[in-house]
Amino acid sequence: MVAADKLKKISEDVWEIPTDYKPGMNVPGHIFLSDRLIEGLESGAIDQTANVATLPGIQRYSMAMPDVHIGYGFPIGGVAAFDTETGVISPGGVGFDINCGVRLLRSELMADDVKPHKVDLINALYEAVPSGLGSESKFRVNDAQLAEVFRTGARWAVENGYGVKADLEHCEENGEMKGADPAKVSKKARDRGRPQLGTLGSGNHFLEIQKVEKIYDEAVAKAFGLKEGQVTVMIHCGSRGAGHQICTDYVKTMEQASRKYGIKLYDRQLACAPLSSPEAKDYFAAMAAGANYAWANRQIISHWVREAFSKYYKRDVRMDLVYDVAHNVAKFEEHEVDGVKKALCVHRKGATRAFAPGRSEVPVAYRDVGQPVIIPGSMGSASYVLAGTQRGMELTFGSTCHGAGRVMSRSAALKDIRGNEVKRQLLERGIVVKAPKDAAIAEEAPEVYKEIDEVIAVVDGLGISKKVARLVPIAVAKG
Ligand SMILES: Nc1nc2c(ncn2[C@@H]2O[C@H](COP(=O)(O)O)[C@@H](O)[C@H]2O)c(=O)[nH]1
Ligand SMILES: [Mn+2]
Ligand SMILES: [Mn+2]
């Protein structure tokens, strides 16, 4: 029996997990997948989506985007919104890499100018930005500076010479989530985060030089400053050891809190606390600090990317920030539920906010067209820029997918795939890959991910975000 047999197809690409799927479900689950993608859906991801539906105060549905796969407690690709009075917050609904996210720089360069230099350019980026699992940064922050990073995020970086003010206007939350409190971050998390600020991290994190291959919506693309043939650079990374430790610390706090507040957990990894409790407030303050660390991190890395291009071309190469999205975060937002405006805490775990035109959270420059949504595919496939829609506000609390989503585990990839062969095949297609070791390439081979075009067809078809541009890789530096 394929996992999908447990689901009820209620409309094109929408699969329901009914509330009688398991005891304790407060709302149904909705999984957004095409008939083809549903074939590969793990039954564990259905169970996880159903488990989330048992949490107190969940609104409308527990949702999973088409990049869904098994995660820690909540599925990756999961979206769940909780009433601020009756609901909960859960570190498992945010993930260990707090504010892992993606930003896109648009350059003034065209692909034909860059392609002959792609090896030198990717080497320059690889040199400029430290990467790898325990990698340490080229610069050091002291405790007081780290506390400022936790409090003010990307603004700290810009005020210290890493970028320009306009960058802040083009970040979700302006790169500075309010309510962060460094005092709620443990010494262990600070010690892990201090040496890693300004590092890419490992594996799935990357820097990618891309070409805008196709524009689907000229007017929106123009608002985003994108045109066919243009070179862009995509940066994917998060909060490194700092975020990981914050999550680890608060999972323990929440396990105790769940018992204290009598919350029945169908999976220990869903540990959570009522949003009104001191434990929830402490976690939110620490999570926001982790999110700010990640925004500062992507901001510093952007500065080094700009420096590397300018140094290589021996002139000031203009690289403006299109936008920066968080895809592992919980946020307080206002949404309409059954015709009533409500304050909700929306968890997006491997999911991207995709707000419609007119929302005050969307930067002024994009308010008429909707929030830019940046969706990476893999080092051998396309990535996409989309825009948020009103349909998304209605159907998914303004959310969409965050990537293609894995279909093969890292261990299976290491067993079945040879990194040097993947590298050779990609080079044959004109894509240069630079990574610390061949094993890292095997773990991240294009075939370990779903087909991004199919995933994007689902979100575009449902109308929860709409296609604006398709980007293809020229050269990739993997962490
Ligand atoms: N364009 C590229 N996309 C990539 C690459 N490696 C991974 N990915 C995609 O990113 C998402 C998000 O990853 P996550 O670790 O935050 O879940 C993933 O689902 C892939 O689709 C790459 O080298 N280039
Ligand atoms: Mn990520
Ligand atoms: Mn990450």
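Residues numbered from 1 in each chain as written. Chains lettered and ligands numbered in written order. Predicted model: local features only at pLDDT ≥ 70, side-chain atom pairs only at ≥ 80, totals over all residues. Heavy atoms only, no water.

### Notes on the overall build of the chain
The following threshold applies: Helical segments are the DSSP runs of H or I of at least four residues, strand segments are the runs of E of at least two, and each set is numbered from the N terminus. The atom set for the radius of gyration is the C-alpha atoms, and the globule formula is 2.2 Å times the number of residues raised to the power 0.38. Working definition: with a 1.4 Å probe on protein chains only, accessible area under 20% of the residue-type maximum means buried, over 50% means exposed, and in between means partly exposed. Note on areas: Shrake-Rupley, 1.4 Å probe, and residue coverage restricted to the protein chains presented here. Charged-residue counts in this description rest on Lys and Arg as positive and Asp and Glu as negative, His and the chain ends being excluded. By convention, charge coordinates are those of NZ in Lys, CZ in Arg, CG in Asp, or CD in Glu.
Of regular secondary structure, the chain possesses 16 helices and 19 strands. Here the C-alpha radius of gyration of the chain, 21 Å, is about what a compact globule of 479 residues would show, namely 23 Å. The principal-axis extent of the C-alpha atoms belonging to the chain is close to 60 × 50 × 50 Å. Out of the 479 residues in the chain, the part that is buried amounts to 64%. Roughly 17500 Å² of accessible area belongs to the chain as shown, and the carbon and sulfur atoms make up 49% of that amount. When the 62 positive and 61 negative side-chain charges of the chain are each reduced to one mean point, those points stand 4 Å apart.

### With respect to the UniProt feature "active site" (unreviewed entry) in the chain
Threshold: UniProt positions are given in the numbering used here, feature names are shortened, and annotations may be inferred rather than shown by experiment. The contact criterion used is simple: two residues touch if any of their non-hydrogen atoms lie within 4.5 Å. Nitrogen and oxygen atoms within 3.5 Å of one another constitute a polar contact, given that in protein one can donate a hydrogen and the other can accept it, and given that sequence-neighbouring residues count only through two side-chain atoms.
UniProt records the feature "active site" (unreviewed entry) at His 402, using the numbering of this structure. Mapped onto the fold, His 402 is located in the loop between strand E17 (399–401) and helix H13 (410–416). Assessed through its relative accessible area of 14%, His 402 is described here as buried. Apart from the residues lying within four places of it in its own chain, the contact partners of His 402 are Asp 67, Ile 76, His 327, Gly 350, Ala 351, Thr 352, Ile 375 and Pro 376. For His 402, the side chain forms a polar contact with the side chain of Asp 67, separated by 2.5 Å.

### Quick look at the nonpolar core
When a protein is soluble and globular, its nonpolar side chains tend to lie buried together. Counted only if it meets this: As used in this record, nonpolar core signifies buried Ala, Val, Leu, Ile, Met, Phe, Trp, Tyr and Cys residues forming a set joined through side-chain atoms within 4.5 Å.
Ranked by size, the top nonpolar core spans 169 residues in total, and within it Ile 31, Ile 209, Phe 224, Val 305 and Phe 309 carry the most contacts. The greatest single-element share of this core, amounting to 18 residues, is contributed by helix H11 (residues 278–313). When near neighbours in sequence (up to four residues on either side) are disregarded, Phe 224 contacts Arg 106, Val 322, Tyr 366, Val 369, Gly 370, Gln 371, Pro 372, Val 385, Leu 386, Ala 387 and Val 468.

### Some remarks on the coordination of the manganese ion (ligand 3)
Put simply, the test is: Metal coordination here is assigned from N, O and S atoms located within 2.8 Å of the ion, or within 3.2 Å for Na, K and Ca; omission of water means that sites may look incomplete.
In this structure, Asp 97 (OD), Cys 100 (SG) and His 205 (NE2) serve as the protein donors to the manganese ion (ligand 3), at separations of 2.1 to 2.3 Å. Counting the intervening residues between successive donors of the manganese ion (ligand 3) yields the motif D-x2-C-x104-H. A spacing of 3.6 Å is found between the manganese ion (ligand 3) and the manganese ion (ligand 2), which share Cys 100 as a donor. With Cys 100 in the loop between strand E6 (88–89) and strand E7 (101–110) and His 205 in the loop between helix H8 (187–193) and strand E8 (206–215), this pair connects stretches of sequence that are 105 residues apart. As far as burial versus exposure is concerned, Cys 100 and His 205 are alike and both buried.

### What about the environment of Gly 377?
Positionally, Gly 377 belongs in the loop between strand E15 (372–375) and strand E16 (383–388). For the pair formed by Gly 377 and Trp 156, sequence separation is 221 residues and the distance between their alpha carbons is 30 Å. Once residues within four sequence positions are removed from consideration, Gly 377 is found in contact with Ala 382, Ser 383, Ala 404, Tyr 449 and Ile 452.

### Considerations on the site of ligand 1
Counted only if it meets this: Note on terminology: near, applied to a residue and a molecule or strand, indicates that one of the residue's heavy atoms is within 4 Å of it. By the convention adopted, Pro, Cys, Tyr, Trp, Phe, Met, Ile, Leu, Val and Ala count as nonpolar, Lys, Arg, Asp and Glu as charged, and the other residues, Gly among them, as polar.
Near ligand 1, the surroundings consist of 18 residues, among which Asn 204, Glu 208, Gly 377, His 402 and Ala 404 are the closest. Pro 376 places a main-chain nitrogen or oxygen 3.3 Å from an oxygen atom of ligand 1. Across the complex, the protein chains shield 93% of the 510 Å² of accessible surface that ligand 1 would expose by itself. Of the residues assigned to the shell around ligand 1, the class counts are six nonpolar, nine polar and three charged.

### What to know about the pattern of salt bridges
Where charged atoms from two side chains of opposite charge approach closely, those side chains can pair. Spelled out, the test is: Salt bridge criterion: a side-chain nitrogen from Lys or Arg within 4 Å of a carboxyl oxygen from Asp or Glu.
Per the stated rule, a full pass over the model turns up 36 salt bridges. For Glu 333, the salt bridge is made with Arg 348, and the minimal N-O distance between the two is 2.9 Å. Highlighted residues: Glu 333 in strand E12 (residues 328–337) and Arg 348 in strand E13 (residues 340–349), separated in sequence by 15 residues. Of the two residues examined, Glu 333 and Arg 348, each falls in the buried class. For Glu 394, the salt bridge goes to Arg 391, with nearest N and O atoms at 3.6 Å. Here Arg 391 and Glu 394 lie together in helix H12 (residues 390–396), a separation of three residues that amounts to about one turn. Taking relative accessible area as the criterion, Arg 391 reaches 41% and is therefore assigned partly exposed.

### With respect to the pairing of strand E2 (residues 14–17)
Worth spelling out the cut-off: At least two DSSP bridges between two strands are required for those strands to pair.
Burial of E2 is two-sided: the residues Val 14 and Glu 16 facing one way and the residues Trp 15 and Ile 17 facing the other way are all buried. Sheet topology places strand E1 (residues 8–11) next to E2; three bridges connect them, and they run antiparallel. Bridge pairing links Lys 9 to Trp 15 in E2. Linking E1 to E2, which pair antiparallel, is a turn of two residues; within it Asp 13 sits at a positive phi near 70°. Of the pairings in the sheet, the one linking E2 to strand E3 (residues 29–32) comprises four bridges and is antiparallel in character. Of the residues in E3, the one forming a bridge with Trp 15 is Ile 31.

### Quick look at the coordination of the manganese ion (ligand 2)
Reference values for coordination geometry: four tetrahedral donors around a metal ideally subtend 109.5 degrees, six octahedral donors ideally subtend 90 or 180 degrees. Summarising the metal site, the manganese ion (ligand 2) is bound by the protein donors Cys 100 (SG), His 236 (NE2) and His 327 (NE2), whose distances to it range over 2.1 to 2.3 Å. For the manganese ion (ligand 2), the single-chain donor residues occur in sequence as C-x135-H-x90-H. A residue is classified by how much of its surface remains accessible, and His 327, at 3% relative accessible area, is buried.

### A closer look at the environment of Leu 427
Among the secondary structure elements, Leu 427 is positioned in helix H14 (residues 419–428). Look at Leu 427 and you get exposed, because its relative accessible area is 52%. Each C-alpha atom of the pair Leu 427 and Ala 475 lies 9.3 Å from the other, and the pair is 48 residues apart in sequence.

### A closer look at helix H4 (residues 118–128)
Let me state the cut-off plainly: By construction, the arc corresponds to the directions joining the helix axis to the C-beta atoms.
The set of residues buried in H4 consists of Lys 118, Leu 121, Ile 122, Leu 125, Tyr 126 and Ala 128. With its buried residues spanning 170° around the axis, H4 presents them on a single face. The elements touched by buried residues of H4 are helix H3 (111–114), E8, H11, strand E18 (432–434) and strand E19 (465–478).

### Thoughts on the packing of H4 against H11
Packed helix pairs are specified by the crossing angle of their axes together with the interaxial distance, meaning the distance between the axes. As a reminder, the rule being used: In this analysis an axis means a line fitted to C-alpha atoms, helices contributing only their contacting stretch, and an angle means the value between N-to-C directions, from 0 to 180 degrees. To sort the angles, those under 35 degrees are grouped as roughly parallel, those over 145 as roughly antiparallel, those from 65 to 115 as roughly perpendicular, and the leftovers as oblique. Crossing handedness is defined as follows: a turn of the near helix away from the far one that is anticlockwise and smaller than a right angle gives a left-handed crossing, while the clockwise case is right-handed.
Here H4 crosses H11 at 135°, and the two axes come no closer than 9 Å. Considering the angle they form, H4 stands oblique to H11. Our pair here, H4 against H11, has a crossing hand that is right-handed. Between H4 and H11, the residues in contact are Asp 120, Leu 121, Ala 124, Leu 125 and Ala 128 and Trp 304, Val 305, Ala 308, Phe 309, Tyr 312 and Tyr 313, respectively. Within the contact of H4 with H11, the residues separate by chemical class into ten nonpolar, no polar and one charged.

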